[in-house]
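Structure assessment
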Amino acid sequence: MSESANISSIEAVTRFLAVLRDRKTRAENILSAQQQEMHRVIDWLEQELPFLWKQELRKRYDRVAMKRTEYESCKLRTMSGDRPSCYEEKKAYELAKQRLHEAEEKIDVVQRWRTKFTQQAEESRGRLGKFQHVLENDLEKTIALIERMVQSLEAYMGRTLASDEEDP
C-alpha cells in the first residue's frame, strides 16, 4: 500500500514551521518569566518582608517602653498636691501597645503567606515542568519531524522537476 500526500505548497508548511518555532520561543520566554517572578516573590516573602517586620517590631517595642515610661512618670508627678489625669500619656501608651500587637500579627501573617505561597509555587512548578517538558521534548521533536518532511518534499520536488525536464 502506497502512502501519498497532497501538499500543494511547501512554502505553507515552511511558514507553519516558522510560526511553530516562534510560538515555542514565546512560550519558553513566558515560562522563564513566570519562574523568575515566582522566585522573586518567594525571596520577598522569605527574606525582605520578615526582615522589615522584625525591624518594625523592635521599633515598636522601644516605642512601648518609651510611652510606658512617660505614663509612669506622669503618674508619679504631683501639681499643687493633685495628681494629673495622665489621660494623653495613657492613650499614647495603649496605642503603642496596640501597634506592637499589630506588628506581631504581621509577622505571623507573613509566615502564613510564605508557607501558602511556597506550597502553591511548588504545585505550579510541577504543572509548569510538564509544560516545559512538552516544549523542550515533544514540540522540539515535532519541529524536527516537520523539518525532515520539508527537506524530503523539497528533495522529491527537485527530483520530480528534474525528471520532468528530462522527458521531452
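Residues numbered from 1 in each chain as written. Predicted model: local features only at pLDDT ≥ 70, side-chain atom pairs only at ≥ 80, totals over all residues. Heavy atoms only, no water.

1. Comments concerning the state of the cysteines
Within the structure shown, the criterion is met by one disulfide. Across the disulfide, Cys74 is cross-linked to Cys86 (sulfur-sulfur distance 2.0 Å). The sign of the -100° torsion about the S-S bond sets the Cys74-Cys86 disulfide as left-handed. With Cys74 in helix H1 (residues 10-76) and Cys86 in the loop between H1 and helix H2 (87-166), this residue pair connects regions lying 12 residues apart in the sequence. As far as burial versus exposure is concerned, Cys74 and Cys86 are alike and both buried. (Disulfide = S-S within 2.5 Å. Helix = DSSP H or I, 4+ residues; strand = E, 2+ residues; numbered from the N terminus. Buried < 20%, exposed > 50% of the residue type's maximum accessible area, 1.4 Å probe, protein only.)

2. A word on the environment of Val41
Along the chain, Val41 falls in helix H1. Judged by relative accessible area, Val41 falls into the buried class, the value being 17%. Along the primary structure Val41 and Phe117 are separated by 76 residues, whereas in three dimensions their C-alpha atoms are 8.6 Å apart.

3. Regarding the pattern of salt bridges
If the charged atoms of two oppositely charged side chains come close together, the side chains can form a pair. All chains considered together, the criterion is met by 11 salt bridges. A salt bridge links Glu147 to Arg21, with the nearest nitrogen and oxygen atoms 2.1 Å apart. Here Glu147, found in helix H2, pairs with Arg21, found in helix H1; they are 126 residues apart in sequence, far enough to count as distant. Taking the relative accessible area as the measure of exposure, Arg21 reaches 37% and is therefore partly exposed. The partner of Lys75 in a salt bridge is Glu72, with the nearest N and O atoms 3.5 Å apart. Of this pair, Lys75 and Glu72 both sit in helix H1, three residues apart, which is roughly one turn of the helix. (Salt bridge = Lys/Arg side-chain N within 4 Å of Asp/Glu carboxyl O.)

4. Looking at the side chain of Arg60
Within the secondary structure layout, Arg60 lies in helix H1. A polar side-chain atom of Arg60 sits 2.9 Å from a polar atom in the side chain of Glu56. Apart from the residues within four sequence positions on either side, Arg60 is in contact with Trp53, Arg99, Leu100, Glu102 and Ala103. (Polar contact = N/O pair within 3.5 Å; in protein donor to acceptor, adjacent residues only side chain to side chain. Contact = heavy atoms within 4.5 Å.)

5. Some details on the environment of Gln55
Relative to the assigned elements, Gln55 resides in helix H1. Remark: the alpha-carbon pair of Gln55 and Ala103, spanning 48 residues in sequence, is separated by 9.8 Å.

6. Focus: the nonpolar core
Membership of the largest hydrophobic core comes to 16 residues, with the highest contact counts inside it found for Leu20, Leu135, Leu139, Ile143, Ile146 and Val150. Contact partners of Leu135, with chain neighbours within four places excluded, come to Lys24, Ala27, Glu28, Leu31 and Glu140. One finds Leu57, Tyr93, Ala96 and Ala103 within the second-largest nonpolar core, a separate group that totals nine residues. (Core = buried A, V, L, I, M, F, W, Y, C linked by side-chain atoms within 4.5 Å.)

7. What about H1?
In this model H1 runs 96 Å from its N-terminal to its C-terminal C-alpha over 67 residues, within 8% of the 99 Å that 1.5 Å per residue would give. The largest bend in H1 comes to about 40°, at Trp44. (Expected span 1.5 Å × (residues − 1). Bend = angle between axes of the 7 residues up to and from the residue.)

8. Regarding the packing of aromatic side chains
Following the criterion strictly, the structure yields one aromatic pair and no others. For the pair Tyr71 and Tyr93, a centre-to-centre distance of 6.0 Å together with 20° between the ring planes defines the contact as stacked. On the criterion of sequence distance, the pair formed by Tyr71 in helix H1 and Tyr93 in helix H2 is long-range, its members being 22 residues apart. Taking NZ or CZ as reference, Lys116 lies 5.4 Å from the ring centre of Trp113, over its face. (Phe/Tyr/Trp six-rings, centres within 6.5 Å; stacked < 30°, edge-to-face > 60°. Lys NZ or Arg CZ within 6 Å of the ring centre and 35° of its normal.)

The analysis is restricted to geometry; functional conclusions fall outside its scope.
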